[in-house]
Amino acid sequence: MNCRNCGGALRLNAGEEALVCDFCHTLVYPEPNEDGVRVFEAGAGEDCPVCRRPLMHASYQGKRLEYCTNCRGMLLDLDAFGALVQIIRARRDGLPEPPRPMDPKELDRVVECPRCHQRMDTHPYAGPGNIVIDNCPECRLNWLDHNELRRVTTAPDTQLNPDAWFAP
Ligand SMILES: [Zn+2]
Ligand SMILES: [Zn+2]
Ligand SMILES: [Zn+2]
């Protein structure tokens, strides 16, 4: 991707939400997509564990993550996940959405960590939302399918998953 101002190559620094032009110092923020995710035109070097397409560098609500433009799942570290849940829940307006029950079939799924290629822990998430989360304790990564973060952040505060045994 090149700078629209001077044509120079844009660079994406770790942790940042904008691409920067080294020549004229223009910052370029990709437009958020329908999920509110800013997707950079830069492969993260890891593949989606569900559909095997290359994951792209992306950011959401100021936090960097990796995003699959095909299935719209996201890979993010545990700290970013915890921070995002707090940020989004704090900004939430309107009433919580009625939670969907957990789908026990999701627990049987085999998801391979995109980084270390070991099988991820697939388990009920301890927080609200009734989701089944895939986690790699070695790499400290969570895989979230499309809408799982939304389910966590729009669920009523008091509704915790009684089946959960693991709190990230
Ligand atoms: Zn430039
Ligand atoms: Zn995918
Ligand atoms: Zn891993």
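Asks: Any chance you could explain the domain arrangement of the protein chain here in plain terms?
Replies: Accessible area lost when the parts come together is the quantity often used to give the size of an interface. Partitioning the protein chain into structural domains gives domain 1 (1–30) and domain 2 (40–154). Facing the 6 residues of domain 1 at the interface are 7 residues of domain 2.

Asks: Looking at this structure, I do not really get the sheet that holds strand 4 (residues 37–47). What am I missing?
Replies: The strands making up a sheet associate through hydrogen bonds between their backbones, and the pairing can be parallel or antiparallel. Reading across from one edge, 4-5-6-7-10-9-8 is the order of the 7 strands in this open sheet, with antiparallel pairing throughout. In the strand order of this sheet, the two ends are held by strand 4 and strand 8 (121–124), each with one partner. Across the sheet, the axes of successive neighbouring strands diverge by a mean angle of 30 degrees, strand direction being ignored. For strand 5 (residues 54–60) and strand 6 (residues 63–67), the ladder comprises 5 bridges, and the chain directions are antiparallel. Following the sheet pairing, Tyr-60 is matched in strand 6 by Lys-63.

Asks: I'm lost on the environment of Ala-58 in this one. Help?
Replies: Here Ala-58 is to be found in strand 5. As a C-alpha pair, Ala-58 and Pro-101 span 43 residues in sequence and 29 Å in three-dimensional space.

Asks: Mind showing me how you'd approach the environment of Cys-113 here?
Replies: Secondary-structure assignment places Cys-113 in the loop between helix 1 (78–91) and strand 8. Using a count of 21 C-beta atoms within 10 Å as the deciding quantity, one classes Cys-113 as buried. Measuring from C-alpha to C-alpha, the distance between Cys-113 and Glu-41 comes to 22 Å, with 72 residues separating the pair along the chain. Excluding its chain neighbours within four sequence positions, the residues that come into contact with Cys-113 are Gln-118, Met-120, Cys-136, Cys-139 and Leu-141.

Asks: Looking at this structure, I do not really get the nonpolar core. What am I missing?
Replies: Among soluble globular proteins, nonpolar side chains are generally buried collectively. Leu-65, Tyr-67, Met-74, Leu-75, Leu-76 and Trp-143 are the most contacted members of the largest nonpolar core, which has 32 residues in total. Elements with a contribution of two residues or more to this core: strand 2 (19–21), strand 5, strand 6, strand 7 (74–77), helix 1, strand 9 (132–136), strand 10 (141–144) and helix 2 (148–154). Built from parts of two domains, this core gets at least three residues from each of domain 1 (1–30) and domain 2 (40–154). Setting aside anything within four residues of it in sequence, one finds Leu-76 in contact with Leu-65, Phe-81 and Asn-142.

Asks: What should I look at first to understand unusual backbone geometry in this one?
Replies: A positive phi is found at Arg-52, a non-glycine position, where the angle reads about 70 degrees. Position of Arg-52 among the secondary structure elements: in the loop between strand 4 and strand 5. You will see that Asn-130, though not glycine, has its phi angle at about 60 degrees, which is positive. By the secondary structure assignment, Asn-130 is in the loop between strand 8 and strand 9. Using a count of 22 C-beta atoms within 10 Å as the deciding quantity, one classes Asn-130 as buried.

Rules of the game
- Residues numbered from 1 in each chain as written.
- Chains lettered and ligands numbered in written order.
- Predicted model: local features only at pLDDT ≥ 70, side-chain atom pairs only at ≥ 80, totals over all residues.
- Domains from an automatic or database assignment.
- Contact = placed C-beta atoms within 7 Å.
- Pairing = 2+ DSSP bridges.
- Helix = DSSP H or I, 4+ residues; strand = E, 2+ residues; numbered from the N terminus.
- Axes fitted to C-alpha atoms, helices over the stretch in contact; angles between N-to-C directions.
- Buried ≥ 20, exposed ≤ 12 C-beta atoms within 10 Å, placed from the backbone.
- Core = buried A, V, L, I, M, F, W, Y, C linked by C-beta atoms within 7 Å.

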